[in-house]
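Observations on the three-dimensional arrangement
Below are the chains, spelled out letter by letter.
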Amino acid sequence: MPVRFHALALAQLCVAALLLVAAPVLAVEKVTLQLKHVHQFQFAGYYAAQELGYYRDAGLEVRILEGTDGNAPERAVITGRAEYGTGSSGLLLARMAGKPVVVLGVIFQHSPYALAMRQTSSEPDIRRLIGKRVMIDALTDDLGNADELLAYLAKEGVPPASFQRVAHSFNPDDLISGRVDGMAVYTTNEPDTFDRLGFAYDIYSPRSVGIDFYGDNLFTSEAELANHPARVKAFRAASMRGWQWAMSHQEEMADLILNKYSRRSDRQHLLYEARQMVPLVQPVLVEIGYMNPDRWQHIAEVYAGLGMMQKNAGFEGFLYRIDTSRTSLTWLYRALAVAALVLVLGAAIHFSLLARERKKALEAIRKGELRFRTMFEASPLGIALIDSISYEYRDINLRYQEILGRSQQELRAMHWLDVAHPDDIVQVKAQMALLTAQQIGSFKAVSRLFKPDGSVAWIEVSVNAIDTEAGSHPHHLCMIEDVTAKKQSEQLIWQQANFDTLTQLPNRRMFLDRLGHDLLKAQRDKSRLAILFIDLDHFKEVNDTLGHQQGDVLLVDAARRISACVRKSDTVARLGGDEFTVILCELEAPDHVERIAQAILNRLLLPFELDAEQAFVSASIGITLYPDDALEIDDLLKHADQAMYAAKGAGRNRYSYFTPALQVAALSRMRLTNDLRGALKSNQFELYFQPIVHLDSGTIHKAEALIRWNHPQRGLVSPLEFIPLAESSGLIIEIGEWVFRESANWALRWRQQVDPAFQVSLNQSPLEFQREGSSYQSWLQHLQTLALPGQALVVEITEGLLLDASHAVSRRLLQLRDAGIQVALDDFGTGYSSLSYLKKFDIDYLKIDRSFTRNLAPESSDMALSEAIIVMAHKLGLKVIAEGVETPEQRALLAAAGCDYGQGYLFAKPMPADQFDAFLHKAISTAASIVKSN
């Protein structure tokens, strides 16, 4: 037994001696690695190998050079300026072109290369590039990174000849500013810049059409491999070791790049690049450096299919193979000697094999642990291993720390759920109780947590039970993902869909939703509910005089005042414009609604402070009750709207309840409006004329045209009834055109047959006068067709138009003056016009309202006012027409006061055009007989 152990020890000493003899003496050799771009995380593995001493341990002194373009490494390695370089799958085309390049290992299992274009409203379409400017790498070399994208474009029906290729500036601003329409990008790089600048873009990847190339590859030349095989092997091994460390230590790697290599990018961008590289490099699933010959064959077939290389071309020698059989003859002799010693020491073989198997098993375990650790650290999800009983952290990855905003030391001093929102803890603990009781194996939840700055973050949580040794505490794996941005976006979309952006009150959609809910509750509780429709009076004047911005300020203040008058359980909403609604639920007493309505009216009457100005508005409120007035939502809203218009018609600044009479009136208006739409086509309108008499001479050379509607069922409909309907429906424009043409035709007839200076007056609605478009162009063309001068017509307008004398109103008044058409101010004395308007605008006639004429008597106030109007008008060069003259006494008083014309039943009632025509001819005949007899 002792002899056997002595022999074994001797054999081990011999083997050790032989290994020392065989071990090469490592000398420091200088080599250069040429990168294809500037320093960034894309080349992190080489920096790690350099800074952690992996190259130095391999006997190498490595100089790492930045690149100016993607083809720089290829040029440098082939010309001998660098021994090693990084390149894309275009290296295969270079090899087929006769360039002696050899790929040592694949870093990116999937290429990050893609095309970016500005996002449009239409569906993404790569063919939008046809005829456009596109940046795809340098133009100095046909072989390089461009090949992958050119192959992709060709396969998508966008060959190189169909667009203008521009040399790549590597400046994202060229795409953002529109200097180019597309640019080649790395999905690990430029998208971060676009996102930060808020630039909307589409990414087009060759992988979408099956062009799945390798990305960055480490390569050398045939000369370097033939002359320095050991150096190639050492450089490759040290580089891959650096890559393994870099991908599992992203935070440290980002700091190293910033401190030693480049500050072109900030730390946030470097970490963005690192996270995007994980699914491309796949460090957990694939050993870094691994390359599949079949995959390269697939890449070759894609190239060949696109005509970029010959089909079935071989690329022997292109892929580096670790050949363990190539050894020197001396080493062979030494190995034979060792084998001989092993044969002599047969007893040691058994133990040696056992040790090897154990070492292999341990190595497999170590690699598995390393792979799991890499996956754990590099995962885009936050992952933590937690004691299910004590809630203490056992392990935490970097992403978990980043989401919680706390370091590993801080978290280990805390317990799981310490930073969770109190409203979410109960739900999570209830699920954890089921998990520890083994009733469930996992669960998911969406919860909130507090960050160190006090802000709240939303996270999606996935918890899974972990098997542990018997007798030890159970553990669970908690995986989290930050969904704060998604939640905020959903909240913003919901807010915009349900609330008014100006006043922050519920909008129509939310109002209807709440009304439906309140109606169901009222039905269940057998309670009453009220709806208030609120419309601001004179709000348009505020908008027109002070501008829409101040109008918005007023609306916000009005919303605040209305909300202050109701309970928190009630709903105040803005339906649009200056319309608000209120839902009063669970009414306790009938007068409760009236108290709130009156409070709203009082609040809105107070002045609104708008910068240096004050504005005054009031409100008209319509009220409807459930279930008294209706049971359905549509009916309730319709009734409230009708009641509001009743309040507005009754003088504004008041509230009105819905009554059945309002419903009948509303139905009547609706039916009458529908009938009005066909009245013109059916020739149901007729013009009546009333004479305007010259008071001194008694002659008639003026008349006012008045429209009448002969309804087929209702008979003659008063203009007081249908004109407001025509204005609200917009039909007043067509009706006004008809009145003008008819009036012009009759004016022409009477000028030819009665008096060459005969004038016809026609009334114009304010809506008709303020209409958009070509104004009186059609009128003037019709007058020209009839060869009728403008002096044949007088347009009667109301005083209110002058108060709202916008540029459009002034322009139309000037257009009438230029055409010779005169203007009369109707119902003078009943409105709000001032004398300055009479001076400012070209007015020809004032018509004294019948309310003054009706009570004319000597020494009366109406007489004094009429005389003042007549004197003032004459001083301003205006003629005066008195309306409503019904008695000889009124005529005598007006004539004595100097009034020019009179109009009223004393002379004649309004009559159809044919009758008025006969009336005029009879008046002429009578006047002629009197003259003849005299």
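About the thresholds
Residues numbered from 1 in each chain as written. Predicted model: local features only at pLDDT ≥ 70, side-chain atom pairs only at ≥ 80, totals over all residues. Heavy atoms only, no water. Salt bridge = Lys/Arg side-chain N within 4 Å of Asp/Glu carboxyl O. Helix = DSSP H or I, 4+ residues; strand = E, 2+ residues; numbered from the N terminus. Buried < 20%, exposed > 50% of the residue type's maximum accessible area, 1.4 Å probe, protein only. Pairing = 2+ DSSP bridges. Contact = heavy atoms within 4.5 Å.

**What about the pattern of salt bridges?**
Evaluation of the coordinates by the stated rule reveals 40 salt bridges. In this structure, Arg448 engages Asp424 in a salt bridge whose closest nitrogen and oxygen atoms are separated by 3.1 Å. Pair noted here: Arg448 is in strand β13 (residues 442–450) and Asp424 is in helix α18 (residues 422–436), with a separation of 24 residues, a long-range link. The pair Arg448 / Asp424 is uniform in exposure class, with both members buried. Residue Arg560 pairs with Asp557 through a salt bridge whose shortest N-O separation is 2.3 Å. Of the two residues, Arg560 and Asp557 are both situated in helix α22 (residues 548–564); the distance of 3 residues between them amounts to about one turn of the helix. When its relative accessible area of 16% is taken as the criterion, Asp557 is described as buried. Within this structure, Lys521, Arg524, Asp525 and Glu586 form a network of salt bridges that share partners.

**Points about the pairing of strand β3 (residues 84–87)**
Residues Tyr84 and Thr86 line one face of β3 and the alternating positions Gly85 and Gly87 line the opposite face, and both faces are buried. In the sheet, strand β1 (residues 29–34) pairs with β3 via 2 bridges, with the strands oriented parallel. Within β3, the residue paired with Leu33 across the bridge is Tyr84. Where β3 lies against strand β10 (residues 217–221), 4 bridges are found, and the strand directions are antiparallel. What sits directly across from Thr86, in β10, is Leu218.

**Regarding unusual backbone geometry**
Residue Pro627 follows Tyr626 across a cis peptide bond; omega there is 5°. With respect to the secondary-structure elements, Pro627 resides in the loop between β21 (618–626) and α24 (633–649). The backbone of Asn683 shows a phi angle near 55°, a positive value even though the residue is not glycine. Note on placement: Asn683 falls in the loop between α25 (660–677) and β23 (685–694). One non-glycine residue, Glu859, lies in the positive phi region at around 70°. Looking at Glu859, the relative accessible area reads 78%, which means it is exposed.

**Considering the environment of Val617**
Considering the arrangement of structural elements, one finds Val617 in the loop between β20 (613–615) and β21. Note on Val617: relative accessible area 3%, which makes it buried. With 12 residues separating them in the primary sequence, Val617 and Leu605 have C-alpha atoms 6.1 Å apart. Excluding anything up to four places from it in sequence, Val617 contacts Asp537, His538, Val542, Leu554, Leu604, Leu605 and Phe608.

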